[in-house]
Amino acid sequence: MPETRIFPDFKSEAEEAEWWDSHQDESMEAFEKAAAEGRLGRGTVARKAGLPTTTIRLDPVDIELARKLAEKRGLKYQTYLKMLIHEALARESDAREPKPRESKAP
């Protein structure tokens, strides 16, 4: 039975980073143990959670530009494209929402 790890509730990203930094040996031991027991899986949490996969064809020029822009942000280009699509959909959705009419005070 795999052991369950309990992590503290972090008050900030800096506090979490400090915790992981100070627990590197413990984390590596747990990783190596899981590897030796064959308990390491492949894939991301999102994929394991059953999020659907979508395939789209993009112009190679667009993919190359996405790679360059993603690299500047320290991201993989697929993650960057997913972020751009999410932001564009949110903008489009907001643009289509009816705006409340302003009342004209006398």
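Residues numbered from 1 in each chain as written. Predicted model: local features only at pLDDT ≥ 70, side-chain atom pairs only at ≥ 80, totals over all residues. Heavy atoms only, no water.

Help me understand the overall build of the protein chain in this model?
Summing up its helical and strand segments, the protein chain has five helices and zero strands in all. Starting at the N terminus and walking to the C terminus, you meet the elements of the protein chain as α-α-α-α-α. Taken across its 106 residues, the protein chain has 7% of its residues classed as buried. Nonlocal contacts in the protein chain, meaning residues at least 24 apart in sequence, comprise 10% of its contacts between residues at least 6 apart. As displayed, the protein chain offers around 10,300 Å² of accessible surface, 54% of which is attributable to carbon and sulfur atoms. (Helix = DSSP H or I, 4+ residues; strand = E, 2+ residues; numbered from the N terminus. Buried < 20%, exposed > 50% of the residue type's maximum accessible area, 1.4 Å probe, protein only. Contact = heavy atoms within 4.5 Å. Areas by Shrake-Rupley, 256 points an atom, 1.4 Å probe, with all protein chains shown as cover.)

Teacher, can you tell me more about the packing of aromatic side chains here?
A ring pair, where both rings are aromatic, is described by two values, the distance of the centres and the angle of the planes. Evaluation of the coordinates by the stated rule reveals four aromatic pairs. Ring centres of Trp19 and Trp20 lie 4.9 Å apart, and the angle between their planes is 90 degrees; on these two criteria the pair is classed as edge-to-face. Taken together, the ring pairs in this structure connect Phe7, Phe10, Trp19 and Trp20 into an aromatic cluster. Directly above the aromatic system of Tyr77 lies the positively charged group of Arg67, at a separation of 4.2 Å from the ring centroid. (Phe/Tyr/Trp six-rings, centres within 6.5 Å; stacked < 30°, edge-to-face > 60°. Lys NZ or Arg CZ within 6 Å of the ring centre and 35° of its normal.)

What is the right way to read a nonpolar patch on the surface from this model?
Nonpolar side chains collect at one region of the surface, where Ile56, Leu58, Ile85 and Leu89 lie side by side and expose about 380 Å² of accessible area between them. Inspection of the secondary structure puts Ile56 in the loop between helix H3 (45-48) and helix H4 (60-73). Judged by relative accessible area, Ile56 falls into the exposed class, the value being 52%. (Patch = residues over 30% accessible without salt bridge, like charges linked within 9 Å, V, L, I, M, F, W, Y side chains within 5 Å. Salt bridge = Lys/Arg side-chain N within 4 Å of Asp/Glu carboxyl O.)

Got a minute to help me understand the confidence of the model for the protein chain in this structure?
Note: predicted coordinates in regions of low pLDDT should not be interpreted at a detailed level. With 83% of its residues at a pLDDT of at least 70, the protein chain reaches an overall mean of 83. Averaged pLDDT values for the elements of the protein chain fall to 62 in H3 and rise to 95 in H4. (pLDDT = per-residue confidence, 0-100.)

Quick question: what am I supposed to make of the side chain of Ser27 here?
Its location among the elements puts Ser27 in helix H2 (residues 24-36). Overall, the relative accessible area of 18% leaves Ser27 in the buried class. Among residues more than four places away in sequence, those in contact with Ser27 are Arg5 and Trp20.

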